[in-house]
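A look at the structure
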Amino acid sequence: MNGQRALVTGGAGFLGSHLCDRLLAEGVEVVCMDNLITGSISNIEHLFGHEGFVFVKHDVTNFIHVAGRLDAILHLASPASPIDYLKLPIQTLKVGSLGTHKALGLAKSKGAKFFLASTSEVYGDPLVHPQTEDYWGNVNPVGPRGVYDEAKRFGEAITMAYHRHHGVDTRIVRIFNTYGPRMRAGDGRVVPAFINQALLGEPLTVFGDGSQTRSFCFVDDLIEGFWQLLNSEISEPMNIGNPAEMTVLQFAEAIRDIIGSKSEVTFTELPEDDPKVRQPDITVAKRELGWEPRVLLKDGLAKTIEYFAERLEKK
Ligand code: NAD
Ligand code: UDP
């Protein structure tokens, strides 16, 4: 893709900003588009002045205009943390539906490859474990999380329709819980929540009894998977995540140990429809891309903790 030009929607967010870094490092020019609803300029300010980078502030639920050629559109725009999408239910539904439609229309008119950031949430509270791509999921469409899950499921459906009906060259990545530097400290997701609580010596807020499981992937591994999927020929959805599964309580204890914090663990109510288990089956990614995660949890967490500790010191 060296010498090519890509649009990244949601480029000022956690994952989008790391993706912009990677594309630029691969010699791809980047148009980063974001309305900053949950993202931040601070995630991309190191890229201002890079000759291959431009930032456009725009809400992608409205018509998207980008002058000139585009070889790829990577559509990441969407609130992603449960707290964010519960606060922004209509925006979440709109960006997953209208925003994906606009981004696909642009891909069709430019002859660009289209890459959709989907999610493990399309499996809902899964009855198949670990989750394989051929599982259709167990989603409550009218529950509070439905605004995100159904928006993403619609996003996948319209992406496949543009692929089949209009011949757009598409990719769909189902992202499992990913963590790393540039997550927002207050976004409510478990990684920034526990790290900041442990650093401040505050109680670690485990929801429910902490027996629900998640599988955490470091951002560098995820972005490597994105890059390989983008450069593949695979239009079917693909899981990218780290299969190392643990309970939320084990995760709280791991963070407390790494930081050496004396924080206690408190138990509060489990949010409605919180999935009880989550673990990616990555057989397809291994077979088709030769991809698998490489970063150990303790190493990824060390980098993430350093990031949050530096920000707390500056306060
Ligand atoms: P994030 O909130 O940091 O980034 C999302 C970005 O999209 C933000 O910069 C936000 O301002 C922007 N955005 C939202 N609505 C927009 C709109 N209408 N127009 C333009 N920009 C808009 O979240 P993230 O963790 O970086 O997630 C990025 C993508 O990956 C999302 O689509 C999310 O659903 C998906 N995803 C992330 C994870 C994860 O663990 N991080 C897991 C599954 C899926
Ligand atoms: N969680 C928790 N305490 C927190 C934040 C989250 O126990 O302060 C739990 C949450 O209920 C879920 C898991 O951690 O079971 C992961 O939550 P997150 O918001 O990171 O993402 P999800 O995987 O639910 O989309």
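Right above here is the structure, for reference.
Notes on the structure in this doc start here. Per chain, residue numbering runs from 1 following the sequence as it is written. Following the order in which they are written, the chains are lettered starting with A and the ligands numbered starting with 1. Per-residue local features are limited, in this predicted model, to residues with pLDDT of at least 70; the limit for side-chain atom pairs, both in listing and counting, is 80 or more; totals at the level of whole chains, interfaces and linings are taken over all residues. Excluding hydrogens and water, the side-chain figures rest on all heavy atoms present in the structure.

1. Concerning the sheet that holds strand 6 (residues 170-175)
Note the following rule: By this definition, two strands are paired if DSSP reports at least two bridges between them. Starting at the N terminus, helices and strands are each numbered in turn, a helix being any DSSP run of H or I of at least four residues and a strand any DSSP run of E of at least two. For helices, the axis comes from a line fit to the C-alpha atoms of the stretch in contact; other axes are also lines fit to C-alpha atoms, and the angle between any two N-to-C directions lies between 0 and 180 degrees. Pairs of residues are marked as contacts when any of their non-hydrogen atoms sit within 4.5 Å.
Strand order in the open sheet formed by seven strands is 3-2-1-4-5-6-11, and the pairing between neighbours is parallel. Edge positions in the open sheet fall to strand 3 (53-57) and strand 11 (237-240), since each of these has one partner strand only. Put simply, the sheet's adjacent strands are angled 20° from each other on average, direction ignored. With five bridges connecting them, strand 2 (residues 29-34) and strand 3 associate as parallel partners. Bridged to V30 within strand 3 is F53. Helix 3 (residues 89-110) contacts strand 1 (5-9), strand 4 (72-75), strand 5 (113-119) and strand 6 of the sheet and is inclined by roughly 175° relative to strand 4. The strands that helix 4 (residues 146-166) touches are strand 5, strand 6 and strand 11; relative to strand 5, the one it contacts most, it runs at about 155°.

2. A word on the site of ligand 2
Here is the rule we go by: Any residue with a heavy atom lying within 4 Å of a molecule or strand is counted as near it. As used in this structure description, the phrase polar contact means that two N or O atoms lie within 3.5 Å; if the pair is within protein, one of them must be able to donate a hydrogen and the other to accept it, and residues adjacent in sequence are counted only when both atoms belong to side chains. Three categories are distinguished: nonpolar for Ala, Val, Leu, Ile, Met, Phe, Trp, Tyr, Cys and Pro, charged for Asp, Glu, Lys and Arg, and polar for the others, with Gly belonging to the last.
In the region of ligand 2, 18 residues are neighbours, and T205, F207, R214, D274 and R278 sit closest. T205 places a main-chain nitrogen or oxygen 2.5 Å from a nitrogen atom of ligand 2. Note that an oxygen atom of ligand 2 is positioned 2.6 Å from one of the side-chain N or O atoms of D274. Of all the secondary-structure elements, those providing two or more residues to the shell around ligand 2 are helix 5 (190-200) and strand 8 (204-207). Partitioning the shell around ligand 2 into residue classes produces eight nonpolar, four polar and six charged.

3. A few points about the pattern of salt bridges
Heads up, the condition is: Salt bridge, as used here: a side-chain nitrogen of Lys or Arg that lies within 4 Å of a carboxyl oxygen of Asp or Glu.
Following the criterion strictly, the structure yields 18 salt bridges and no others. Connected through shared salt-bridge partners, E121, R145, R214, D274 and R278 make up one network.

These results come straight from atomic positions and should not be treated as a statement about function.
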